[in-house]
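In case you want the letters, here they are:
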Amino acid sequence: MTSRIFDAHCHLGALNEKTADFPRAVAAITPADFMTLVSLRQQKPQIKIGFGVHPWAVSEYPDLMLLEQLLREQIEQSRPDFIGECGLDLLKDNFEYQQAVFELHLRLAGEYHKPVVIHCVRAYNQLLMLLAKAQLRVPLLVHAYNGNSELARQLIKKGAYLGIGSIIMNANSQLLKSIMRIPLDNILIESDAPYMPISTKELSSSDDCEIYLQQLVRLLKQDVETTRVLINRNWSSVFAIVS
């Protein structure tokens, strides 16, 4: 029987008690998600959960010291599988504070030996600078990647995998122009469910990862099952590390 492609990035809004249990990484947006994620992992042990504060939500946590205390307590108590979603977004306010919060997440990832799931919009120079400063030795996932092959090379050099989702269906995307030069060894497939659906859908789901896989193998002229096995192995390399 053909195995399904593992989902490298989605959110609580895409899951419920009837959702099938298969490997997927479910990221928090704010600490309000943490306990629900813990409960979900108890019900569906193949799921990996992440704790973090999305850059769109950092203004809700204006005291960095209190946020650090909260994150540390929750990480030590509940032992998430990764840190995130966290990152940088130049289209949003409080960019200076976003950077401080992101650096906090990177520091915690290093201390607790956790992978990091990163949101980055128009801030790749700052991302590369902060990653160079952090000198992490854990896997990174840059989700919803839409950059060129040179940027991909720089991120991969810093230990990153690149999350490929609905953007690969956009004929005008930078990703589509670059995908032939990005190594499969550093690609993951993600839905970002329930967000970032393809144009024909209102909401995305983890099932859409199969659509993105099929598009990827068409573009690369690769065998679908061989590619599925490789990308699922990449998923395990990121999310199955022992901490």
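For the structure given in this document, a descriptive report is provided here.

As for the layout of surface pockets
Here's step 1: Quantified by volume, the largest pocket comes out at close to 390 Å³.
Here's step 2: What lines the largest pocket is a set of 18 residues, and nearest its centre among them are Trp56, His119, His143, Asp192 and Met196.
Here's step 3: Secondary structure elements with two or more residues in the lining of the largest pocket: β4 (82–89) and β5 (116–121).
Here's step 4: At three residues, the largest contribution of residues to the lining of the largest pocket is made by β5.
Here's step 5: Partitioning the lining of the largest pocket into residue classes produces nine nonpolar, six polar and three charged.

Digging into the pattern of salt bridges
Here's step 1: Under the criterion given, the structure shown has ten salt bridges.
Here's step 2: Across the salt bridge formed by Arg41 and Asp81, the nearest N and O atoms sit 3.2 Å from each other. Residue Arg41 is found in helix α1 (residues 34–43), and its partner Asp81 is found in the loop between α2 (64–78) and β4; the two are separated by 40 residues along the sequence.
Here's step 3: Salt bridges here are not isolated pairs; linked through shared partners, they connect Glu68, Arg72, Arg107 and Glu111.

Here's the deal with the sheet that holds strand β1 (residues 7–10)
Here's step 1: If you walk across this open sheet you meet the eight strands as β1-β2-β3-β4-β5-β6-β7-β8, and the pairing is parallel. Two strands close off the open sheet at either side, each with one partner strand: β1 and β8 (187–189). Each strand of the sheet is rotated relative to its neighbour by a mean of 30 degrees, with strand direction disregarded.
Here's step 2: In this sheet, β8 lies alongside strand β7 (residues 160–164) in parallel orientation, the contact comprising three bridges. Across the sheet, the residue bridging to Gly163 is Leu188, located in β8.
Here's step 3: Lying over the sheet, α1 contacts β2 (24–27) and β3 (47–51), oriented at roughly 165 degrees with respect to β3.
Here's step 4: Together, β4 and β5 form the strand contacts of helix α3 (residues 95–112), whose direction differs from that of β4 by roughly 155 degrees.

Remarks on α2
Here's step 1: Across its 15 residues, α2 extends 21 Å between first and last C-alpha, which sits within 8% of the 21 Å expected from 1.5 Å per residue.
Here's step 2: Among all positions in α2, only Leu67, Leu71, Gln74, Ile75 and Ser78 are buried. The buried residues of α2 all sit within an arc of 100 degrees when viewed along its axis, so they share a single face. Among the exposed residues of α2, those pointing more than 90 degrees away from its buried face are Met65, Leu66, Glu76 and Gln77.
Here's step 3: Here the buried face of α2 lies against α1, β3, β4 and α3.

Focus on unusual backbone geometry
Here's step 1: For the bond from Gly84 to Glu85, the omega torsion is 20 degrees, close enough to zero to count as cis.
Here's step 2: Here Glu85 is to be found in strand β4.
Here's step 3: If you check the backbone angles, Asn94 has positive phi at about 60 degrees while not being a glycine.
Here's step 4: Structurally, Asn94 is set in the loop between β4 and α3.

Thoughts on the packing of aromatic side chains
Here's step 1: The full count for this structure, using the stated rule, is five aromatic pairs.
Here's step 2: Arranged with centres 5.4 Å apart and planes meeting at 75 degrees, the rings of Phe6 and Trp235 form a pair that is edge-to-face. Taken together, the positions of Phe6 in the segment before β1 and Trp235 in helix α8 (residues 224–239) put the pair 229 residues apart, joining distant regions of the chain.
Here's step 3: When its relative accessible area of 17% is taken as the criterion, Phe6 is described as buried.
Here's step 4: Both rings, one in Tyr124 and one in Tyr145, keep their centres 6.1 Å apart while their planes meet at 70 degrees; by these two values the pair is edge-to-face. Taken together, the positions of Tyr124 in helix α4 (residues 124–134) and Tyr145 in the loop between β6 (140–142) and α5 (149–157) put the pair 21 residues apart, joining distant regions of the chain.

Brief notes about empty space enclosed by the protein
Here's step 1: In total, this model carries one cavity of 30 Å³ or more according to the counting rule given.
Here's step 2: There is about 40 Å³ of room inside the largest cavity.
Here's step 3: Together, Ala144, Gly165, Ser166, Ile167, Glu190, Ser191, Asp192 and Met196 line the largest cavity.
Here's step 4: Among the residues making up the lining of the largest cavity, the classes are represented as three nonpolar, three polar and two charged.

Analysis parameters
Residues numbered from 1 in each chain as written. Predicted model: local features only at pLDDT ≥ 70, side-chain atom pairs only at ≥ 80, totals over all residues. Heavy atoms only, no water. 1 Å grid on protein atoms, 1.4 Å probe; cavity = no way out; pocket = protein on both sides within 12 Å on 5 of 7 lines; lining within 4 Å. Points joined across faces, edges and corners; volume = space filled by probe spheres on them. Helix = DSSP H or I, 4+ residues; strand = E, 2+ residues; numbered from the N terminus. Nonpolar A, V, L, I, M, F, W, Y, C, P; charged D, E, K, R; others polar. Salt bridge = Lys/Arg side-chain N within 4 Å of Asp/Glu carboxyl O. Pairing = 2+ DSSP bridges. Axes fitted to C-alpha atoms, helices over the stretch in contact; angles between N-to-C directions. Contact = heavy atoms within 4.5 Å. Expected span 1.5 Å × (residues − 1). Buried < 20%, exposed > 50% of the residue type's maximum accessible area, 1.4 Å probe, protein only. Arc of directions from axis to C-beta. Phe/Tyr/Trp six-rings, centres within 6.5 Å; stacked < 30°, edge-to-face > 60°.

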